[in-house]
Every structure is written in structure tokens, then in C-alpha cells.
Amino acid sequence: MNDITQPIHFEHHSTNFNRLKGRLEHMVGKAIADFNMIEEGDTVMVCLSGGKDSYTLLDILRTLQKRAPIDFKIVAMNLDQKQPGFPAEVLPDYLKSIGVDFHIETQDTYSIVKEKIPAGKTTCSLCSRLRRGIIYKVAGELGANKIALGHHRDDMVETLFLNMFFGGKLKAMPPKLVTDKGDHIVIRPLAYCAEKDIARYARGMEFPIIPCNLCGSQENLQRQNIKEMLTNWERQYPGRSQTIFTAMQNVKPSHLLDTALFDFRNIKMGTAVDEGDVAFDQEI
């Protein structure tokens, strides 16, 4: 049993739960401030899948909205892709119960994917492209200029290693980006939040979680292997995931090999380097 699936040991509104809630609110608030994710007058469309991450994102954003020094709107959006067995009533019932504006978009992408992708082949790539296009369209229809996704710190670290190991790139998930057409800004307010904290918060809040395996698509084995590797590292060296995440915010281009980021060819005697002369420093 890993750290994320371990039973929770505190009650809703207990001291430990309130500390966890405060930590998540602080981390989300810090990410929003650091990357200027939400501004005065924004309409933020929160993409709600029914999983622990998006439930937590919506809940924390609504809490911060009440005490924010700026005025912005939140609308929740769920894409019902018509997967067999999907409990279509769960999200509308929950969103009505908490009194948040929401929109359920129904698009049968499931049938499209099954028609286009041969049996046994990975469906995730086509499904993701279809889902992204629909999300952008709905954001335009709802007048939302910001699209909030529930990716967290561990998603970003895993993506970094996936791109290094299988793509040959030092690339992760950005906390904020502009869509290709320039119509919307995508934000990830959970960027500083650990997955285990989100999982414990979701259990404490008793969100009506919808299982993520309803479509029957193949598990992303590469990402699962990376997750297992990082989990094992974290058990052996507690805090390693946070250290890796910190490194993603502390990049030294002059000590890598990308000539597009640093002009190695024109270094001359007397050339000053921002990172300093650390070529012969001992390893930490």
C-alpha cells in the first residue's frame, strides 16, 4: 500500500484536517500569486473530472475566492464523454448541492475513439486531443478566459522524467500557458501541492469520487513506472520529490548543453556568467 492509498487518520474539521486544508490553501494561493494565474475580472472554468484532484481544486479555489482581494468568477465544467457505465448524475447532484455555477458538456468521444483506434491500441492520445478541443470550445461559449486544470506537483515531476527518459527533453508541465490560438490561458493552481495531501483532503471531504477506469482504456505503463520509481525514492529518501520540484524552479542554463539557451560559442576570456564560476565545485 503506497502513501496515497493509506487510510486517513483524521476526521473532517479535526485539528489535523484543518492544518492540511490550511497548507493546501497556502500552496494554491502561492502558486496563483507566483505565476499571476488569476486577475481581476477573470472567469475561471474549472475542469471537473470527478477525481480527487479536480474536486480539491474546485473546493480550494472557491474558498480562496471568498477572501481574495480581487473579484473573479468560477464555473465548473465536466465533459461527459459517454463512457459505458459513467454515473452522469453524480457531478450535477454534487455541484447543485454546493451552489456553484456549472456546465455539463455531453459529447460522445468514446464512440469516436473506439471507431478510430484498433482494439488493443492506446486510445489516450486521440481521446486527449478530442477532449482538449471541446474544453477550449466550451470555455469560449461560457466566456471563460482562464481554464483551470487539476495537475499537481507530482504530475509535473513525473512528466519531467517521462520527457527525459522517453522524449529526450528537459520538459515538464508549465503552471501557466497560452493556448495555441491565444484565446485562453490554462492554469494549474495545484502546482505546489503534493498528491498525498490532495488524496487525504479528498478523503476527509468525502467527495463523490468517480473511478477513472470507466472507459476501459489502457493504463499508461510508462507513467505508472515513473510514479513507482519516484514513490520508491521518496520512501528511501523522504523529500526527494520536493527537491526535484525545487530544481525545476532553479535552472542554470550555463551548466547544461542547450546552445539555444546559452551562448557557449561566444564565451571569451573575461566573459561573466550569471551562475558564476562553479565548474569545479564539489558535488552536493
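Residues numbered from 1 in each chain as written. Predicted model: local features only at pLDDT ≥ 70, side-chain atom pairs only at ≥ 80, totals over all residues. Heavy atoms only, no water.

Going by what an unreviewed UniProt entry lists, the protein chain is known as tRNA-cytidine(32) 2-sulfurtransferase and is assigned to Sideroxyarcus emersonii. Of the comments in the UniProt record for the protein chain, the one headed Subcellular location (unreviewed entry) reads "Cytoplasm". Checking UniProt for the protein chain, the heading Catalytic activity (unreviewed entry) contains the comment "cytidine(32) in tRNA + S-sulfanyl-L-cysteinyl-[cysteine desulfurase] + AH2 + ATP = 2-thiocytidine(32) in tRNA + L-cysteinyl-[cysteine desulfurase] + A + AMP + diphosphate + H(+)". (UniProt positions renumbered as here; feature names shortened; annotations may be inferred.)

On to the overall build of the protein chain, then. A tally of helices and strands in the protein chain yields 9 helices and 6 strands. Within the span of the protein chain, comprising 284 residues, buried residues form 38% of the whole. A separation of at least 24 residues holds for 75% of the contacts in the protein chain among residues at least 6 apart in sequence. On the protein chain, roughly 16800 Å² of surface is accessible, and the fraction owed to carbon and sulfur atoms is 52%. (Helix = DSSP H or I, 4+ residues; strand = E, 2+ residues; numbered from the N terminus. Buried < 20%, exposed > 50% of the residue type's maximum accessible area, 1.4 Å probe, protein only. Contact = heavy atoms within 4.5 Å. Areas by Shrake-Rupley, 256 points an atom, 1.4 Å probe, with all protein chains shown as cover.)

Right, let's get into the nonpolar core. Within the largest apolar cluster, 47 residues are counted, with the highest numbers of intra-cluster contacts made by V28, I38, V46, L58 and L61. Not counting residues up to four positions away in its chain, the partners in contact with I38 are I32, V44, L61, I70, F72, K146 and I187. In terms of nonpolar packing, the next biggest core, distinct from the first, is built from 13 residues, C47, L79, I134 and A144 among them. (Core = buried A, V, L, I, M, F, W, Y, C linked by side-chain atoms within 4.5 Å.)

The next subject is the packing of helix α1 (residues 15–34) against helix α7 (residues 195–205). At a minimum axis distance of 10 Å, the contact between α1 and α7 shows a crossing angle of 125°. Here α1 lies oblique to α7, going by the angle between them. α7 is crossed by α1, and the crossing has left-handed handedness. Along its contact with α1, which presents F17, L20, K21, R23 and L24, the element α7 presents D197, I198, R200, Y201, G204 and M205. Here the contact of α1 with α7 is built from residues that sort into 6 nonpolar, 1 polar and 4 charged. (Axes fitted to C-alpha atoms, helices over the stretch in contact; angles between N-to-C directions. Parallel < 35°, antiparallel > 145°, perpendicular 65-115°, else oblique. Left-handed = near helix turned anticlockwise from the far one by under 90°. Nonpolar A, V, L, I, M, F, W, Y, C, P; charged D, E, K, R; others polar.)

Enumeration over the complete set of coordinates arrives at 10 aromatic pairs. Ring centres of Y55 and F207 lie 5.1 Å apart, and the angle between their planes is 10°; this geometry places the pair in the stacked category. Of the two residues, Y55 is situated in helix α2 (residues 52–67) and F207 in the loop between α7 and α8 (221–236); the sequence distance between them amounts to 152 residues. With relative accessibility at 0%, the residue Y55 sits in the buried group. Centre to centre, the rings of Y94 and F207 are 6.2 Å apart; their planes meet at 85°, and the pair counts as edge-to-face. Placement of Y94 in helix α3 (residues 90–98) and of F207 in the loop between α7 and α8 is noted, with a sequence separation of 113 residues between them. The exposure class of Y94 is buried, given its relative accessible area of 14%. Overall, the relative accessible area of 7% leaves F207 in the buried class. Joined through ring pairs, the aromatic side chains of F17, Y55, Y94, Y201 and F207 make up one cluster. Looking at R240, its charged tip hangs above the ring of W233, at a distance of 5.2 Å from the centre. (Phe/Tyr/Trp six-rings, centres within 6.5 Å; stacked < 30°, edge-to-face > 60°. Lys NZ or Arg CZ within 6 Å of the ring centre and 35° of its normal.)

Below, the discussion takes up unusual backbone geometry. For N36, which is not glycine, the phi torsion reads 50° and is therefore positive. Tracing the sequence through the fold places N36 in the loop between α1 and β1 (43–47). Judged by relative accessible area, N36 falls into the partly exposed class, the value being 39%. Not every positive phi belongs to a glycine, and E206 is a case in point at roughly 55°.

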